[in-house]
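# Chain and residue survey
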Amino acid sequence: MSAFIKFLLTTTLLITSVNTTLAQERSDSAAGKPILIHSQQLVVAVPESRDQLMAYSMTTNTWSKIPISVKADQRILPTVSTTMAACQLGQSIYAYSSEAGKWAELKLPEDRNIRYEVSNDRVNVVTKTDSINQFFVFGINNGAWSGVDLKTGKMLDVNAQKQDPAN
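Residues numbered from 1 in each chain as written. Predicted model: local features only at pLDDT ≥ 70, side-chain atom pairs only at ≥ 80, totals over all residues. Heavy atoms only, no water.

### Concerning the environment of I114
Here is the rule: By the criteria applied, helices consist of DSSP H or I runs no shorter than four residues and strands consist of E runs no shorter than two, each listed in order from the N terminus. Two residues form a contact once any of their heavy atoms are found within 4.5 Å.
Within the element layout of this structure, I114 appears in strand β9 (residues 113-118). In sequence terms I114 and T129 are 15 residues apart; their C-alpha atoms lie 9.5 Å from each other. Leave out the neighbours within four places in its chain, and I114 touches Q88, Q91, I93, L108, V125, V126 and T127.

### Some remarks on the layout of surface pockets
Formally: Here a cavity denotes grid points, spaced 1 Å and computed from the protein atoms alone, that fit a 1.4 Å probe unable to get out, and a pocket denotes an open set having protein on both sides within 12 Å along at least 5 of 7 lines; residues with an atom within 4 Å of a point are the lining. Grid points are joined across faces, edges and corners, and a volume is the space filled by probe spheres set on the points. Residues are sorted three ways: Asp, Glu, Lys and Arg are charged, Ala, Val, Leu, Ile, Met, Phe, Trp, Tyr, Cys and Pro are nonpolar, and all the rest, Gly among them, are polar.
By volume, the largest pocket amounts to about 200 Å³. For the largest pocket, the lining is made up of 13 residues, of which S69, L89, S92, Y94 and K107 are closest to its centre. Mapped onto the lining of the largest pocket, the elements with two or more residues apiece are β7 (92-97) and β8 (102-107). Of the residues contributing to the lining of the largest pocket, the split by class is four nonpolar, five polar and four charged.

### Overview of the pattern of salt bridges
Condition: Here a salt bridge means any side-chain nitrogen of Lys or Arg lying within 4 Å of a carboxyl oxygen belonging to Asp or Glu. For every residue, the accessible area obtained with a 1.4 Å probe (protein chains only) is divided by the maximum for its type, and the residue is called buried under 20%, exposed over 50%, and partly exposed between those limits.
Under the defined criterion, the tally for this structure stands at two salt bridges. Linking D111 and R112 is a salt bridge whose minimum nitrogen-to-oxygen distance equals 3.5 Å. R112 gets classed as buried once you look at its relative accessible area, which sits at 13%. As a salt-bridge pair, D121 and R122 come within 2.5 Å of each other at their nearest N and O atoms. Overall, the relative accessible area of 38% leaves D121 in the partly exposed class. Accessibility expressed as a relative area gives 34% for R122, which makes it partly exposed.

Laid out in structure tokens, this is it:
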């Protein structure tokens, strides 16, 4: 067998294995089984009780958690980067910084279209309606949400948002 064919078979087997694992994690997210996702600097866990998001920071050597409320059939799909994590549940975005060792919730009104992304130093959220265009960021260093109205330039008050009670 040529080296190229061996490479293709190995690559196909690896891709199939990764896809099977991801499919299993996705199906578990609504089944009440614990979820564990990790990267270089953090571990995100959702216990079987599905009543909190937890994260362990390699930087601070601590666990942090934030309470959540989900329906029995609702999926919980955390997204991680090397140092950050985020999870959208309904109209709330929960973000975690391994540098700050904190979770924080950004709760948005029901009428908003929400899009978020996770990078290595922040979680970005954009919300839009016909008349509203807002941008929120959760930074790696302070572990808190900040926002701006992209139409008016006005800073948005996100201090009322639920922050990790342990920190």
